[in-house]
There are 2 protein chains.
Amino acid sequence: MALIESRGYRALTMAALARELRVSPSALYNHVRAKQDLLRWIQDHVNEGIDASGFATEPWDVALERWARSYRDAYARHAPLVPVIAVAPVAGAAHTIAMYERVAAGLQAGGWPAEAVIDVIVAVESFVLASALDATSPPDIFDVGDLAAQAPVFAAAVAARRAADPARAAFDVGLTALLDGLRTRLARLQPAPSGETSSRARGVN
Amino acid sequence: MALIESRGYRALTMAALARELRVSPSALYNHVRAKQDLLRWIQDHVNEGIDASGFATEPWDVALERWARSYRDAYARHAPLVPVIAVAPVAGAAHTIAMYERVAAGLQAGGWPAEAVIDVIVAVESFVLASALDATSPPDIFDVGDLAAQAPVFAAAVAARRAADPARAAFDVGLTALLDGLRTRLARLQPAPSGETSSRARGVN
DNA sequence: ACCTGAACACCGTTCAAGT
DNA sequence: ACCTGAACACCGTTCAAGT
C-alpha cells in the first residue's frame, strides 16, 4: 500500500494517495480513521528497518551506537515524521514495540537498572531524532548575513567549520559524548565488575 | 504585535491573527512575505528570553548547562516552533544571532577550538529541542496496550519509571551524560592545563 | 464491507481596487 | 504605504447513497 511515497512528504496528501490507488479520497476513510493513522502506519514501517540487532550479541554501548546511527539515517530520509513521533503513542505499532523491546532488553542485560532504561532510551532517541531533522536543514542555515559585525566569534566559528557533512560531524560529536557520559553514569551506578572493563560489561542475561 | 499568542499555536492562523488585529487577512501580507516569516519572528522573540548570560562569567560547562535548561524550558512552551527552527536560516534574526555569539564566545574562551564550536552547539541544541518536544508528549506515549506480552522487558521498564516528570528525568540523564562526554572530549583535545581541573578551565579570553 | 460524489469548513495566498 | 474584498487553489473530513 504505502510503499509508494517516492515523491516526498509534501506530496503525501489524502487526495494524491487516493489518486495513486485509483480510488476516491473518501474511500481512504474506510481503512484509516484520520491521516494521523496513516503517518503512524508509515512510522511503524520505517522503524522495522532500524538496526537493533546488536543488542542480542554486542555490549550495550556498541549496540546502542549502531542503533542510534541506523535510527538517524532512517529518519533523515523521513524527516517529516519526526514531529509526529514525538506525540504519537506507541500502542498498536508492532514493529516499533519490537524494536523498543530489543533495546530495553539489551540495556538491562548490559547492567542498566529497569527504572533507568526508558530514560536512557528517550535521551538517545531525542538526540537522534533532532539530529535527523538537522541533517535535512539547508547548508547555509548559520549564515549570519549582514549581522556578521555583531557576531564575530560566531561567524568565524561558522567559517572554520568545513567538514564535508557538517550535520554528521555534529551528530558524531554528540553521540560520542552522550555514549561516553552514559558509560560513566552506569559505572557509577554499579560496583566495579570483576575482570572486564566497565565499558565492555555485559552483565547478566 | 505578536504578543498575542496566548491561545496556542493551533489557533495561530493568519485569519485569526488578522481578526485579533482587527484587520483583513490579506493586510498581513504588507508586513510579512509568508507565514514562515511570522514564525521566524516569533522564534527570534522566544530566543531573546533564553539565558545565555553564564558564558560571560561562568566556566563553559556550567554556562552550557544553564543555557540548555533555559532553552528546553522555553521551547517546551513553544513546541510547534521546533520543526520550524530546524529548517529556518538564522540570517536576519538579531536576538538569535546574539545568543549564538554569546555561546560561541563562551565555548571558545573555555578552550574549544574554533572549528569544533558549532558542532558542540548543534549537538547540544539538537538534544535540547527534541527534549522540548518530548516534554509535550502525552504521558501514556509508551503504553504498549495489548502487545505487552510481546515486549515484557520494555513494558516492565515503562512500569518501573515512576518519576514525577518523566520527560525531565530523561532530559537530566541525557544532558548530564552529554556534558560529561564533552568535558572528556575537550580534555583529550588540549594538553592538561596547569593548576585548575579541566572541567573548570576558562582558557584565554 | 467497501466504494462514489457532493458537500463542508477550513487553510495560506494573490490581486485589483481603493485611501 | 497600507488597507479591503473577492477570489483561487488547495487541505482533511463527513455523509448519504449506492454495490
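Residues numbered from 1 in each chain as written. Chains lettered and ligands numbered in written order. Predicted model: local features only at pLDDT ≥ 70, side-chain atom pairs only at ≥ 80, totals over all residues. Heavy atoms only, no water.

The name given to chain A in an unreviewed UniProt entry is TetR family transcriptional regulator, with the source organism recorded as Georgenia thermotolerans.

Residue and element names in this part refer to chain A. The final tally for this structure, using the stated rule, is 22 salt bridges over all chains. Residue E58 pairs with R66 through a salt bridge whose shortest N-O separation is 3.9 Å. Classification of E58 by relative accessible area gives partly exposed; the value is 27%. A residue is classified by how much of its surface remains accessible, and R66, at 33% relative accessible area, is partly exposed. Where salt bridges share partners, they join R72, D73, D165 and R168 into one cluster. (Salt bridge = Lys/Arg side-chain N within 4 Å of Asp/Glu carboxyl O. Buried < 20%, exposed > 50% of the residue type's maximum accessible area, 1.4 Å probe, protein only.)

Further remarks concern the protein's contact with DNA strand C. The environment of DNA strand C is made up of A:V23, A:S24, A:S26, A:A27, A:N30, A:H31, B:T13, B:M14, B:S26, B:Y29, B:A34 and B:K35. A:H31 places a side-chain nitrogen or oxygen 3.5 Å from a phosphate oxygen of DNA strand C. For the surface near DNA strand C, the per-class residue count stands at five nonpolar, six polar and one charged. (Near = heavy atom within 4 Å. Polar contact = N/O pair within 3.5 Å; in protein donor to acceptor, adjacent residues only side chain to side chain. Nonpolar A, V, L, I, M, F, W, Y, C, P; charged D, E, K, R; others polar.)

Glancing now at the packing of helix α7 (residues 152–160) of chain A against helix α5 (residues 94–109) of chain B. Closest axis-to-axis distance for the α7(A)/α5(B) pair is 7 Å, and the angle between their directions is 75°. Taken as axis vectors, α7(A) and α5(B) run roughly perpendicular relative to one another. Along the contact surface, α7(A) presents A:P152, A:V153 and A:F154, while α5(B) presents B:Y100, B:E101, B:A104, B:A105 and B:Q108. Grouping the constituent residues of the contact of α7(A) with α5(B) by class yields six nonpolar, one polar and one charged. (Axes fitted to C-alpha atoms, helices over the stretch in contact; angles between N-to-C directions. Helix = DSSP H or I, 4+ residues; strand = E, 2+ residues; numbered from the N terminus. Parallel < 35°, antiparallel > 145°, perpendicular 65-115°, else oblique. Contact = heavy atoms within 4.5 Å.)

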